Amino acid sequence: MTIKPYIEPKDRLPYAVRMRNRAIAIFVFILICFGIGSCIFGGSSKDSDAAPAEAEEIVKDSAVANESNVAEAAPTAEVSEQIPENVSQEQPAEIAAANDSAQTIAPVEEIIDSTHIKSQKDVFMAEKIDNLLRRFKPENAIILIVDPRSNEILAWGERKDNVIQTKPDYLIRNTFPAASLAKTITIAAAMESNRYALNTPIPQIGGGHTLYKNQLRVKENYSGPTVEMQDAYGKSYNPPLALIGMNVGASRLKAAAKILGYNMNYPAGLPGRSTYAPPDTGYALAEASCGFTEATTLSPLQAAAQVRAILLKKPLEIPWSSNLDGIAPKTRLALDVGKFSENTYYGLRQAMIRSVTHGTAKKNISTKHMARKNYEALNIGGKTGSLDGSDPKGRYDWFMGFAESKEDPSKAIVIVVLQIFDNQGLRPQPTTQVTGMLINYWAHQYVTNKKK
């Protein structure tokens, strides 16, 4: 058997030496990482290799720079005398070039023209609207707030082609598809016919947001799924509203549309003439009944007029403003369009409230984006709508509705929000979220704030 020679163990380095070596190794590792990061993410050598002497020169010259604008001042003899001997005369020019480059790269703060904000009836709401448009940056959008009692425009904001506008020309444009806002015509005609109530069950065949011909064929003695008319409206279901429209007929639909201001030439074209032309029969009648067509158009100003008429149970009247010449009427103007029955107005109001409490607006017009005390202090109702359009091209996302104090109904607003965005691009915040945030701000200012 071979016996291995005994090897005496080496003495370990002292603890202090080992800690020093580790610290040196970590420091070297950090330097290596920093060097690699500078190579990958760093700028040009002119921007990143500034010498300490150059930094010192900038500090020394600051006293002189305070006397005049650095960008415009020429090198003076006094400045030259302060340059250390070991720094060349060419270095100040390099420093100035570096400073110019930094100023070019730095983001330029947007200059906000607040003239159009200060000229509005409610400056606080106008400023809030402007802030939200700049924050969420929708490509195209119009926001309108109206006092239902006086019918005067309180505040507005518009963003067009990614630029904040100083005049809201979208307010009266009649090229926007009404989308599901046209469902308001259908349930109004249904209640005026005395055939339907809010809780009338309607056949629900297939998906709620599609419209196929087989969804319109209801078999005799149908025993399938149903939905109450108020929920079909609140959840914006297409087939049930199409069935209602086909049942009440085109003539009743056109009569209800007239009371809501469709197909009417307004004085001075304020707003433009909207279009509602359902055929007597067929699939196109179903499309018009549920708003599943670009052919039905609506302007934001007329949408606000419809909500006010429903809220106050009064004939249609276009909102006015004394400082929007060529955009809105300058004074109140009565329109000879007739009115619905008291029962129909009540039903329309309740169906709009159903949209917020159980329908498509429930998610965002809620305590998710509103203070609980504000949400619980208000009756909020409205209608959402969404459809592709072509002028301007994009996806149209609507909300028209109202917010009213439960304690004091004289405190109320009508609100219309329309955003248009490119389906292939970035979507702005949901229209109902913008609405909820605006209602919350208004309620805090005028309803729940006891100091007001």
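Residues numbered from 1 in each chain as written. Predicted model: local features only at pLDDT ≥ 70, side-chain atom pairs only at ≥ 80, totals over all residues. Heavy atoms only, no water.

### Thoughts on a nonpolar patch on the surface
- On the surface, a cluster of nonpolar side chains totalling about 680 Å² of accessible area is made up of Ile-24, Phe-27, Val-28, Leu-31, Ile-32, Ile-36 and Ile-40.
- Checked against the element boundaries, Val-28 lands in helix H1 (residues 15-41).
- Judged by its relative accessible area of 41%, Val-28 is partly exposed. (Patch = residues over 30% accessible without salt bridge, like charges linked within 9 Å, V, L, I, M, F, W, Y side chains within 5 Å. Areas by Shrake-Rupley, 256 points an atom, 1.4 Å probe, with all protein chains shown as cover. Salt bridge = Lys/Arg side-chain N within 4 Å of Asp/Glu carboxyl O. Helix = DSSP H or I, 4+ residues; strand = E, 2+ residues; numbered from the N terminus. Buried < 20%, exposed > 50% of the residue type's maximum accessible area, 1.4 Å probe, protein only.)

### Digging into the packing of aromatic side chains
- With the rule as written, the count across this model stands at four aromatic pairs.
- For the ring pair Phe-176 and Tyr-396, a centre distance of 5.7 Å and an interplane angle of 50° mean the geometry is tilted. Note that Phe-176 is positioned in the loop between strand S3 (163-164) and helix H8 (183-192) and Tyr-396 in strand S7 (residues 393-405), a separation of 220 residues in sequence.
- Residues Tyr-262 and Tyr-276 carry aromatic rings whose centres are separated by 5.8 Å and whose planes lie at 50° to one another, so their mutual orientation is tilted. In this pair, Tyr-262 sits in the loop between helix H11 (250-259) and helix H12 (283-290) while Tyr-276 sits in the loop between H11 and H12, placing the two residues 14 residues apart along the sequence.
- Judged by relative accessible area, which is 2%, Tyr-262 ranks as buried.
- Among the aromatic side chains, those forming a connected cluster through ring pairs are Tyr-170, Phe-176 and Tyr-396.
- The ring centre of Tyr-283 lies 5.9 Å from the NZ or CZ of Lys-213, which sits over that ring. (Phe/Tyr/Trp six-rings, centres within 6.5 Å; stacked < 30°, edge-to-face > 60°. Lys NZ or Arg CZ within 6 Å of the ring centre and 35° of its normal.)

### Comments concerning H8
- Most of H8 is tucked away: nine of the ten residues are buried.
- Burial in H8 covers these residues: Lys-183, Thr-184, Ile-185, Thr-186, Ile-187, Ala-188, Ala-189, Ala-190 and Met-191.
- With its phi angle positive at about 65°, Asn-194 sits one or two positions after the end of H8.

### As for the sheet that holds strand S2 (residues 152-160)
- If you trace the six strands from one edge of the open sheet to the other, you get S3-S2-S1-S8-S7-S6, paired in antiparallel fashion. In this open sheet, the two edge strands, each paired with only one partner strand, are S3 and strand S6 (378-390).
- When strand S1 (residues 140-147) meets S2, the two strands line up antiparallel, connected through seven bridges. From the neighbouring strand, Leu-144 faces S2, where its bridge partner is Trp-156. (Pairing = 2+ DSSP bridges.)

### Side note on the pairing of S6
- Direction of pairing for S6 relative to S7: antiparallel, over a ladder of 13 bridges. What sits directly across from Gly-389, in S7, is Gly-394.
- Turn length for the S6-S7 hairpin, with the two strands adjacent in sequence and antiparallel, is two residues.

### Points about the pattern of salt bridges
- For the structure on display, the rule yields twelve salt bridges.
- Asp-130 is the partner of Arg-134 in a salt bridge, and the nearest nitrogen-oxygen pair spans 2.6 Å. Note that Arg-134 and Asp-130 are positioned in helix H7 (residues 123-136) at a spacing of four residues, about one turn of the helix. Considered together, Arg-134 and Asp-130 belong to a single accessibility category, that of buried residues.
- Across the salt bridge formed by Lys-160 and Asp-169, the nearest N and O atoms sit 2.9 Å from each other.

### Re the packing of H8 against helix H14 (residues 342-357)
- Packing of H8 against H14 brings their axes to within 9 Å, and their N-to-C directions diverge by 140°. Judged by the angle between their axes, H8 and H14 are oblique. Judged by the sense of rotation from one axis to the other, the crossing of H8 with H14 is right-handed. Residues Thr-184, Ile-187, Ala-188, Met-191 and Glu-192 of H8 touch H14, and the partners they reach there are Thr-344, Gly-347, Leu-348 and Ala-351.
- When the residues that make up the contact of H8 with H14 are grouped by side-chain class, the tally is five nonpolar, three polar and one charged. (Axes fitted to C-alpha atoms, helices over the stretch in contact; angles between N-to-C directions. Parallel < 35°, antiparallel > 145°, perpendicular 65-115°, else oblique. Left-handed = near helix turned anticlockwise from the far one by under 90°. Contact = heavy atoms within 4.5 Å. Nonpolar A, V, L, I, M, F, W, Y, C, P; charged D, E, K, R; others polar.)

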